[in-house]
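Chain by chain, the residues run as shown.
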Amino acid sequence: EDAVTPSGALAGRTVLVTAGGTREAIDPVRYLGNRSSGKMGFAIAAAAADRGADVTFVTTMQPPADLAQRVRVVSVESALQMRDAVLAATPDVLVMAAAVADFRPDHVADAKIKKIHGDDSAPVITLVRNPDILAEAVRQRDAELQPTAPSTNVSSRVIVGFAAETGDADGDVLHHARAKLARKGCDVLVANEVGDGVTFGQDSSTAHLLRRGSDDVVTVGPAPKSHIAAALLDLVADLVPSQ
Ligand code: CTP
Ligand code: CA
């Protein structure tokens with residue numbers, strides 16, 4: 001275990017962390033989901049609390065009891081519910097560690113979908129796009145800033161996005177991460193290397209921390225998610241404008 005007790009680098013700050021994979025309802029008993037364990041989000045929420053922050057944890061996965069005692073837990077299921085919870089808040093730091101489903105069924109059946117007896121047919125589920133919560137949070141933050149600080153470049157809220165990337169014929173993990181950072185407009189992007197059973201549900205992974213406007217990359221790992229969370233929160237604490 002880490003012997004060093006983190007300082008109160010985020011004392012008096014509000015931090016909102018999202019975690020887990022969203023569940024997109026098909027009918028009252030079924031949903032579309034993904035394999036996110038929520039562990040990275042648990043580690044980040046704990047690291048923020050360790051640094052003295054007032055943490056709101058918007059999650060699809062039940063956090064361990066020791067973490068639940070240290071943060072305000074807001075349980076959600078779908079991307080739309082997560083979006084409402086995120087956009088209703090105005091934290092100093094927003095960390096979007098959740099695996100938000102890109103698509104949801106276009107409508108939720110009121111009753112359980114039943115097989116038709118003596119018929120081999122199957123229903124077709126049509127998907128629609130979910131809102132991009134991270135991109136909306138960036139737009140909301142920038143809209144809040146406009147009237148008060150039109151000429152400054154100071155962010156009132158530090159916004160962190162995540163990406164799980166494999167690298168492909170178009171480029172390596174960092175290439176895709178840089179493109180995503182630019183596209184999303186967030187301040188920091190945590191790019192996790194995935195593939196071959198790494199990261200999902202594991203306690204360790206390799207992450208690259210990228211900052212908007214900087215060519216520097218901090219690579220952490222392979223390391224426990226608690227170490228990656230600590231490196232991220234130390235970086236974030238440096239970016240939060242002093243009070
Ligand atoms: N995210 C979000 N809302 C969505 C999808 C993603 O807020 N509807 C956030 C995630 O929480 C994460 C970041 O956006 O912090 C990147 O998610 P990712 O799935 O890697 O990015 P996408 O833009 O969805 O790109 P891709 O096509 O690679 O899935
Ligand atoms: Ca996605």
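This structure is a prediction, so every number in the text was calculated from the model and none was measured.

Its boundaries defined by the atoms lining it, the largest pocket holds a volume of some 1,100 Å³. Along its surface, the largest pocket is lined by 41 residues, and A98, A99, V100, D102 and F162 are the ones closest to its centre. Counting residues per element, the ones that place at least two in the lining of the largest pocket are α1 (39-50), α4 (133-148), β9 (158-165) and α5 (173-184). Its residues assigned to classes, the lining of the largest pocket comprises 18 nonpolar, 13 polar and 10 charged.

Further remarks concern the site of ligand 1. Taken together, 14 residues sit near ligand 1, with M96, A98, L134, F162 and K180 positioned nearest. A distance of 2.8 Å separates a nitrogen atom of ligand 1 from a polar backbone atom of P131. In the environment of ligand 1, an oxygen atom lies 2.7 Å from a nitrogen or oxygen atom belonging to the side chain of K180. Protein chains bury 75% of the 570 Å² of accessible surface belonging to ligand 1 in isolation. Taken together, the elements giving at least two residues each to the shell around ligand 1 come down to α4, β9 and α5.

Inspection of the entire model under this criterion finds 11 salt bridges. With a closest N to O distance of 2.5 Å, D27 and R30 form a salt bridge. Judged by its relative accessible area of 33%, R30 is partly exposed. Notably, a salt bridge pairs R83 with E136, separated by 2.9 Å at the nearest N-O pair. Placement of R83 in helix α3 (residues 79-87) and of E136 in helix α4 is noted, with a sequence separation of 53 residues between them. With relative accessibility at 25%, the residue R83 sits in the partly exposed group. Residue E136 is classed as buried on the basis of its relative accessible area of 18%. Through salt bridges with shared partners, one network takes in R141, D142, D187 and R212.

The rules behind these values
- Numbering of residues begins from 1 in every chain and follows the order in which that chain's sequence is written.
- Ligands are numbered from 1 and chains lettered from A, in the order in which they are written.
- In keeping with the predicted nature of the model, local features appear solely for residues at pLDDT of at least 70, side-chain atom pairs appear and are counted solely at 80 or more, and the whole-chain, interface and lining totals rest on all residues.
- Side-chain metrics in this entry use all non-hydrogen atoms of the structure; hydrogen atoms and water are not considered.
- In this analysis the probe radius is 1.4 Å and the grid spacing 1 Å, with only protein atoms considered; a cavity is a set of points the probe fits into but cannot get out of, a pocket is an open set with protein on both sides within 12 Å along at least five of seven lines, and lining residues have an atom within 4 Å of a point.
- Grid points are joined across faces, edges and corners, and a volume is the space filled by probe spheres set on the points.
- In this text, helices come from DSSP runs of H or I with a minimum length of four residues, and strands from runs of E with a minimum of two, each type numbered from the N-terminal end.
- When residues are sorted by character, Ala, Val, Leu, Ile, Met, Phe, Trp, Tyr, Cys and Pro go into the nonpolar class, Asp, Glu, Lys and Arg into the charged class, and all the rest, Gly among them, into the polar class.
- Whether a residue is near a molecule or strand depends on its heavy atoms: it is near if one of them lies within 4 Å of it.
- Nitrogen and oxygen atoms within 3.5 Å of one another constitute a polar contact, given that in protein one can donate a hydrogen and the other can accept it, and given that sequence-neighbouring residues count only through two side-chain atoms.
- Surface exposure here means Shrake-Rupley accessible area, sampled with a 1.4 Å probe, where a residue is shielded only by the protein chains that are shown.
- For this document, the term salt bridge refers to a Lys or Arg side-chain nitrogen within 4 Å of an Asp or Glu carboxyl oxygen.
- A simple rule labels every residue: compare its accessible area, found with a 1.4 Å probe on the protein chains alone, to the largest value its type can have, and call it buried under 20%, exposed over 50%, or partly exposed in between.

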